[in-house]
Amino acid sequence: MAIVAPDVAVAGLRTHQEETIVPVLPWSTLFAVGVQEIDDQHRKLVGILNRLGEAENDAAAAAMQNLILDELTEYTILHFATEERLMQQHGYEASTHHIGEHHHLVDAVKALHARRAAGETLPFDELTTFLRDWLTNHIMGSDKALGLSLNRKGVY
Ligand SMILES: [Fe+2]
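Residues numbered from 1 in each chain as written. Predicted model: local features only at pLDDT ≥ 70, side-chain atom pairs only at ≥ 80, totals over all residues.

Asks: Describe the overall build of the chain, listing the residues and the values that go with them.
Replies: Summing up its helical and strand segments, the chain has 4 helices and 0 strands in all. Taken from the N to the C terminus, the helices and strands of the chain come in the order α-α-α-α. Per-residue burial for the chain yields a buried fraction of 19% across its 156 residues. Partitioning the intrachain contacts of the chain with sequence separation of at least 6 by distance along the chain shows that 68% fall at a separation of at least 24. (Helix = DSSP H or I, 4+ residues; strand = E, 2+ residues; numbered from the N terminus. Buried ≥ 20, exposed ≤ 12 C-beta atoms within 10 Å, placed from the backbone. Contact = placed C-beta atoms within 7 Å.)

Right, here's the structure in full:
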């Protein structure tokens, strides 16, 4: 049987001793890729993800999850369109691989939507961990490379 200390802060959960919420993914300047439009959108995506983490404790958690996931999906699509427009405008050399990663996430999110449509309430841990890891890896890898390339072409 797992024993959990009552004051241990778990990502996205309130601690028992105080009403603070530990964000799923705290924003860090390390995430900055050096292009304002992309960084602003990443910050907003991280904010939506953190709201999803907070919703776990909400009385109407399932309804909140649906609303926030829809918002996250919509904003992610808009964000990918922004990055792909910048790639095209500036002749980004690694666009095929990068856009492939975007498609991969969109497919994964569609699969989540299908599960919800089938009446399943998705486990918050599974959702937040998947989205946090994807976002972190993508920003720190492909998006950093895109940012550097755009910077070299004078885009900031
Ligand atoms: Fe990207």
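Asks: Account for the packing of helix 2 (residues 61-89) against helix 3 (residues 95-117), with residues named and values stated.
Replies: At a minimum axis distance of 11 Å, the contact between helix 2 and helix 3 shows a crossing angle of 165°. Between helix 2 and helix 3, the crossing angle belongs to the class labelled roughly antiparallel. In the crossing of helix 2 with helix 3, the sense of the turn from one axis to the other is left-handed. Together, Asn66, Leu69, Thr73, Phe80, Glu84 and Met87 of helix 2 and Ser95, His98, Ile99, His102, Val109, Leu112 and Arg116 of helix 3 make up the contact between the two elements. (Axes fitted to C-alpha atoms, helices over the stretch in contact; angles between N-to-C directions. Parallel < 35°, antiparallel > 145°, perpendicular 65-115°, else oblique. Left-handed = near helix turned anticlockwise from the far one by under 90°.)

Asks: Explain helix 3 residue by residue, including any values.
Replies: With 23 residues, helix 3 extends 32 Å from end C-alpha to end C-alpha; this agrees with the ideal 33 Å at 1.5 Å per step. Counting buried positions over the 23 residues of helix 3 gives 1, only a small fraction of the element. (Expected span 1.5 Å × (residues − 1).)

Asks: Break down the nonpolar core for me, citing the residues and quoting the values.
Replies: Core analysis: the biggest nonpolar cluster contains 18 residues, and Leu25, Val33, Leu49, Leu52 and Leu135 have the highest contact counts within it. Broken down by secondary-structure element, the contributors of at least two residues to this core are helix 1 (36-55), helix 2 and helix 4 (124-152). Per-element tally for this core: the top contributor is helix 4, with 6 residues. (Core = buried A, V, L, I, M, F, W, Y, C linked by C-beta atoms within 7 Å.)

Asks: How would you explain the environment of Asn50 if you had to name every residue and give the values?
Replies: Inspection of the secondary structure puts Asn50 in helix 1. Note: C-alpha distance between Asn50 and Trp27 (23 residues apart in sequence) is 9.7 Å. Setting aside residues up to four positions removed in sequence, Asn50 forms contacts with Pro23, Val24 and Leu25.

Asks: Explain helix 4 to me, using residue names and the numbers behind them.
Replies: Look at helix 4: 40 Å from first C-alpha to last across 29 residues, which is about the 42 Å you get at 1.5 Å a residue. When the local axis directions of helix 4 are compared, the greatest deviation, roughly 40°, occurs at Ile139. Looking at the packing, one finds that the buried side of helix 4 touches helix 1, helix 2 and helix 3. The positive-phi residue at the C-terminal boundary of helix 4 is Gly154, with phi of around 85°. (Bend = angle between axes of the 7 residues up to and from the residue.)

Asks: I'd like a rundown of the confidence of the model for the chain, residues and numbers included.
Replies: When pLDDT is averaged across the chain, the result is 87; 87% of the residues are at 70 or more. By mean pLDDT, the top-scoring element of the chain is helix 4 (95), and the lowest-scoring one is helix 2 (91). For the stretch residues 1-10, pLDDT sits under 50, and the model shows 7 contacts to residues farther than four places along the chain or on other chains. (pLDDT = per-residue confidence, 0-100.)

Asks: Please give an account of the environment of Leu146 that cites residues and values.
Replies: In this structure, Leu146 sits in helix 4. Distance in space between the C-alpha atoms of Leu146 and Glu93 is 9.2 Å, their sequence separation being 53 residues. Ignoring any residue separated from it by four or fewer positions in sequence, one finds Leu146 in contact with Val33, Glu83, Met87, Tyr92 and His98.

Asks: Which residues make up the packing of helix 1 against helix 2, and what are the values?
Replies: For the pair helix 1 and helix 2, the least separation of the axes is 9 Å and the interaxial angle reads 165°. What the angle tells us is that helix 1 and helix 2 run roughly antiparallel. As for the relative orientation of helix 1 and helix 2, their crossing is left-handed in sense. Facing helix 1, whose interface residues are Glu37, Ile38, Gln41, Lys44, Leu45, Ile48, Leu49, Arg51, Leu52 and Ala55, helix 2 presents Ala61, Met64, Gln65, Ile68, Glu71, Leu72, Tyr75, Thr76, His79, Thr82 and Glu83. In terms of residue class, the contact of helix 1 with helix 2 is built from 11 nonpolar, 5 polar and 5 charged. (Nonpolar A, V, L, I, M, F, W, Y, C, P; charged D, E, K, R; others polar.)

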